[in-house]
Each structure stands twice: as C-alpha cells, then as structure tokens.
Amino acid sequence: MQAKLIPIANFNRLIDSSITFRKFVFNNFSQRLSDLMLKFEQINTESTYHRLQQFLLQQGDQIQLTHEQLAQEIGSAREVVSRHLKQLEKLSIITLHRGLILLIDRDKLSTQKFIVK
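Everything in this summary refers to the structure shown in the same document.

Reading guide: rules and limits
Residues numbered from 1 in each chain as written. Predicted model: local features only at pLDDT ≥ 70, side-chain atom pairs only at ≥ 80, totals over all residues. Heavy atoms only, no water. Pairing = 2+ DSSP bridges. Helix = DSSP H or I, 4+ residues; strand = E, 2+ residues; numbered from the N terminus. Buried < 20%, exposed > 50% of the residue type's maximum accessible area, 1.4 Å probe, protein only. Contact = heavy atoms within 4.5 Å.

### Regarding the pairing of strand β3 (residues 100-103)
(1) Moving on: In terms of strand pairing, strand β1 (residues 62-63) meets β3 through 2 bridges, oriented antiparallel. Residue Q62 lies in a different strand from β3, and its bridge partner there is L102.
(2) Moving on: Bridge count for strand β2 (residues 94-97) against β3 is 4 bridges, and the pairing is antiparallel. Pairing of I94 across the sheet is with L103, part of β3.
(3) Moving on: Counting the residues between successive antiparallel strands, the hairpin from β2 to β3 contains 2 residues, one of them, G99, with a positive phi of roughly 70 degrees.

Below is the structure:
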C-alpha cells in the first residue's frame, strides 16, 4: 500500500462528493481502529509471554526483527522480550542472531507454558 498526500481542501471536497472515496476512507479508518482496539485488549488481557509465543508461531521460521521491533509488535518492553527470548533459546526452541530469530522447534514453542519469572 502506498500513501498519497491530498491537500485538505481536495480531501474535504472528495469526502463530500464521492461515495466511493468516503467509503474507502472510513472503511480503512474503521479497520485501523478495530486493529488498535484488538491490540489494546490483547495487551490488557494476555501475558507478554503468550503474546510473544503467538507472534512467533504466526511467523515463518526466520523472523527478521530486532528485540525492540518485536517488543513494539507485541506491546511490551524490549528488556522483557529479550528475557523471554533468551529463555526460549536456552530451551532450544529458538536461536538468536543480530536482528534475526530462527524458530527451530515450532511444536515445543506451541506447547511451552509461561517460563520466565
């Protein structure tokens, strides 16, 4: 998806005059708001480990993200995510590299319970 800048006057004119444009804008806004609310609910109800576990299981076997980027994705602090990842590495579930996480035991990850205290 590519972003386009539209002068405010043109945007307002399109919102007022084009049903297609209005639907496009509000459908996208609605989807973004829904995604945000879902993420907020997950952050409030699920543990960091569970969110990390689910995120890793949804990815391929090679995840090119820094700990900071991963923390932002799941709504946590980098330090907390790093601790969880280190524990998963000790259990031979993942291998950590700079900016890369290799998932080596998907089955073990899917059954692993909360492990970091």
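### Considerations on the environment of Q64
(1) Moving on: Along the polypeptide, Q64 turns up in the loop between β1 and α4 (67-74).
(2) Moving on: Judged by its relative accessible area of 66%, Q64 falls in the exposed class.
(3) Moving on: The sequence separation of Q64 and H97 amounts to 33 residues, and the corresponding C-alpha distance is 9.4 Å.
(4) Moving on: Not counting residues within four places of it along the chain, the set of residues in contact with Q64 comprises Q69, G99 and L100.

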